[in-house]
Amino acid sequence: MISILLQTRSGGYIPVLLTVAMLETRNQRFNLEWNIGWQDINVSDRAAHVAGDITVRQNEQTIFGLEVTERSLESQRVRDVFETKMSIHQIPDYLFVVTASSIDEQIQKEVVKYFHQNYDINILELRPWIRHLLSITGAAGRQMFVDKFIELIDRNNISSVIKTAWNEAIKQVLEQ
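My aim in this report is to walk through the structure given alongside it, one point at a time. (Residues numbered from 1 in each chain as written. Predicted model: local features only at pLDDT ≥ 70, side-chain atom pairs only at ≥ 80, totals over all residues. Heavy atoms only, no water.)

**Some points on the overall build of the protein**
Next up, step 1: Counting its regular elements, the protein contains 8 helices and 5 strands.
Next up, step 2: In terms of C-alpha radius of gyration, the protein reaches 16 Å, essentially the compact-globule figure of 16 Å for 176 residues.
Next up, step 3: Counting only C-alpha atoms and orienting by the principal axes, one finds that the protein spans roughly 50 × 35 × 30 Å.
Next up, step 4: Classification of the 176 residues of the protein by burial places 43% in the buried group.
Next up, step 5: Surface accessibility of the protein: about 9700 Å² in total, with carbon and sulfur atoms responsible for 47%.
Next up, step 6: Charge separation in the protein, taken as the distance between the mean sites of 18 positive and 22 negative side-chain charges, equals 2 Å. (Helix = DSSP H or I, 4+ residues; strand = E, 2+ residues; numbered from the N terminus. Rg over C-alpha atoms; globule rule 2.2 N^0.38 Å. Buried < 20%, exposed > 50% of the residue type's maximum accessible area, 1.4 Å probe, protein only. Areas by Shrake-Rupley, 256 points an atom, 1.4 Å probe, with all protein chains shown as cover. Lys, Arg positive; Asp, Glu negative; His and termini not counted. Charge placed at Lys NZ, Arg CZ, Asp CG, Glu CD.)

This is the structure we're talking about:
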């Protein structure tokens, strides 16, 4: 299903919605008491006063931030996130969630440089990350994930393209 959904051009919405649904599932399933904040794709992080596309807080403290992208990750983007988000908001743990995995040597050097400054940056490919997390949530957790995703796409501000992609993905899976 996730692979089918990610084939749809959504301006980055589908990867963000999948990521938020996964984080909310983990939060609920394992009683983590997280507060998961996220914003529309085209809203400036600085204008919204947030530390990333998605910010996970616990007891009012940011525990990690996430950037979600459909584009290939470049070392300049890692630098920009460090300078404009991680260092300013004092977030030592940051995740880049990517749909296209191509981690070149420059990105690895960038990540190691910040690691030496006590910042932990991880780059996760969306599909396997969700698959692995769902594998440990049990059937109840997998149902929660589907419910969370449906709840997210059911919002009024979500494009009909995304809703149609969901319906098509369900149809394709059921026809297999």
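The discussion continues.
**Points about the nonpolar core**
Next up, step 1: Ranked by size, the top nonpolar core spans 37 residues in total, and within it Leu18, Leu23 and Ile130 carry the most contacts.
Next up, step 2: Of all the elements, helix 2 (residues 13-29) adds the most residues to this core, at 9 residues.
Next up, step 3: Once residues within four sequence positions are removed from consideration, leucine 18 is found in contact with Ile2, Leu5, Leu6, Leu126, Ile130, Phe145 and Phe149.
Next up, step 4: In terms of nonpolar packing, the next biggest core, distinct from the first, is built from 15 residues, Leu73, Phe82, Ile107 and Tyr114 among them. (Core = buried A, V, L, I, M, F, W, Y, C linked by side-chain atoms within 4.5 Å. Contact = heavy atoms within 4.5 Å.)

**Observations regarding the sheet that holds strand 1 (residues 35-38)**
Next up, step 1: Spatially, 1-2-3-4-5 is the arrangement adopted by the 5 strands of the open sheet, whose pairing is mixed. Strand pairing shows two members of the sheet lacking a second neighbour, strand 1 and strand 5 (120-125), which therefore form its edges. If you compare each strand with its neighbour and ignore which way they point, the axes differ by 20° on average.
Next up, step 2: Here strand 1 pairs with strand 2 (residues 54-58) via 4 bridges, running antiparallel. Within strand 2, the residue paired with glycine 37 across the bridge is threonine 55. (Pairing = 2+ DSSP bridges. Axes fitted to C-alpha atoms, helices over the stretch in contact; angles between N-to-C directions.)

**Re the pattern of salt bridges**
Next up, step 1: Applying the stated criterion across every chain, the model contains 6 salt bridges.
Next up, step 2: The partner of arginine 9 in a salt bridge is glutamate 70, with the nearest N and O atoms 3.9 Å apart. One end of the pair, arginine 9, is in the loop between helix 1 (2-6) and helix 2; the other, glutamate 70, is in the loop between strand 3 (61-69) and helix 4 (75-89), and 61 residues separate them in sequence.
Next up, step 3: Across the salt bridge formed by glutamate 105 and lysine 109, the nearest N and O atoms sit 3.5 Å from each other. Taken together, the residues glutamate 105 and lysine 109, both in helix 5 (residues 105-115) and 4 residues apart, mark about one turn of the helix.
Next up, step 4: Note on glutamate 105: relative accessible area 55%, which makes it exposed.
Next up, step 5: Lysine 109 gets classed as partly exposed once you look at its relative accessible area, which sits at 48%. (Salt bridge = Lys/Arg side-chain N within 4 Å of Asp/Glu carboxyl O.)

**Considering the side chain of threonine 62**
Next up, step 1: Counting through the fold element by element, threonine 62 comes out in strand 3.
Next up, step 2: Within the structure, threonine 62 has its side chain in polar contact with the side chain of arginine 57 (distance 3.4 Å).
Next up, step 3: Not counting chain neighbours up to four residues away, the residues in contact with threonine 62 comprise Thr55, Val56, Arg57 and Ile91. (Polar contact = N/O pair within 3.5 Å; in protein donor to acceptor, adjacent residues only side chain to side chain.)

**Section: helix 2**
Next up, step 1: With 17 residues, helix 2 should cover 24 Å at 1.5 Å per step; its first-to-last C-alpha distance of 24 Å lies within 8% of that length.
Next up, step 2: Among the 17 residues of helix 2, 14 are classified as buried, and the element is accordingly described as predominantly covered.
Next up, step 3: Asparagine 31 sits one or two residues past helix 2 and shows a positive phi near 50°. (Expected span 1.5 Å × (residues − 1).)

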